[in-house]
Amino acid sequence: MMRRILVGVLVGMFLILLGGLAVTQFSLSALDGPGRLETYLATKAKRFLVARGARSSGGARSVPPAPSGDPVSVMRGQMNFTARCAACHGYDGRTPTDIGRALYPRTVDLGSPAVQQYSDAELFWIIKHGIRMTGMPAFGKIHSDEEIWHLVAYVRSLAVPSSDRRKSETRE
């Protein structure tokens, strides 16, 4: 049943895309920004597939339970982030580098509402498995599940705007 729904969604998106291509010019260049229809469809498909992947993979749970809220987790995640992720997402996680801005799709601000709307399990899944054809690599072969959970904790810490974070750090 789920397979039929997925096929129906994909066929529908394909037909909408074909209709949109008849009206607009299509480009494969990563220099050109995507059209509204392409952005909408790609975003919907990505959200659906990430949510599905985070729920289960082949009938087995693909996301292990999160560890207890260790206060050092964000710091550990930031250290791994700086070593592995900052080259595209920027050292603050909010300002993509030139490389990140040259990717297609563009690297996102990890503190943005669009990213923060993902559940912890979905963020874990994205970091562990990556997302094909986006520039987001899979870190599941080089990071343990615990290290990936630390990265999730760090990404969650970016939800607070950096100016608010600096104010709270100076108060402590």
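Now for a look at the structure at hand. Bear in mind that the values here come from a model prediction, so they are computed numbers and not experimental data.

Inspection of the secondary structure puts Gly-100 in helix H5 (residues 98–102). In this structure Gly-100 comes out as buried when scored by relative accessible area, which is 0%. Gly-100 sits 35 residues away from Gly-135 along the chain, and the two C-alpha atoms are 8.6 Å apart. Beyond its immediate stretch of four places on either side in the chain, Gly-100 contacts Cys-88, Arg-106 and Thr-107.

Applying the stated criterion across every chain yields a total of four salt bridges. Two residues, Asp-98 and Arg-101, come together in a salt bridge whose shortest N-O distance is 2.2 Å. Of this pair, Asp-98 and Arg-101 both sit in helix H5, three residues apart, roughly one helical turn. You can call Asp-98 exposed: its relative accessible area is 59%. One salt bridge in this structure joins Arg-156 and Asp-120, with 2.6 Å as the shortest N-O distance. On the criterion of sequence distance, the pair formed by Arg-156 in helix H8 (residues 145–157) and Asp-120 in helix H7 (residues 120–129) is long-range, its members being 36 residues apart.

A grouping of Met-2, Ile-5 and Val-9 is seen on the molecular surface, where their side chains present a nonpolar patch of about 240 Å² in accessible area. Mapped onto the elements, Val-9 comes out in helix H1 (residues 2–23). The exposure class of Val-9 is partly exposed, given its relative accessible area of 36%.

So, how was this worked out
- Residues numbered from 1 in each chain as written.
- Predicted model: local features only at pLDDT ≥ 70, side-chain atom pairs only at ≥ 80, totals over all residues.
- Heavy atoms only, no water.
- Helix = DSSP H or I, 4+ residues; strand = E, 2+ residues; numbered from the N terminus.
- Buried < 20%, exposed > 50% of the residue type's maximum accessible area, 1.4 Å probe, protein only.
- Contact = heavy atoms within 4.5 Å.
- Salt bridge = Lys/Arg side-chain N within 4 Å of Asp/Glu carboxyl O.
- Patch = residues over 30% accessible without salt bridge, like charges linked within 9 Å, V, L, I, M, F, W, Y side chains within 5 Å.
- Areas by Shrake-Rupley, 256 points an atom, 1.4 Å probe, with all protein chains shown as cover.

Purely geometric numbers; function is a separate question.
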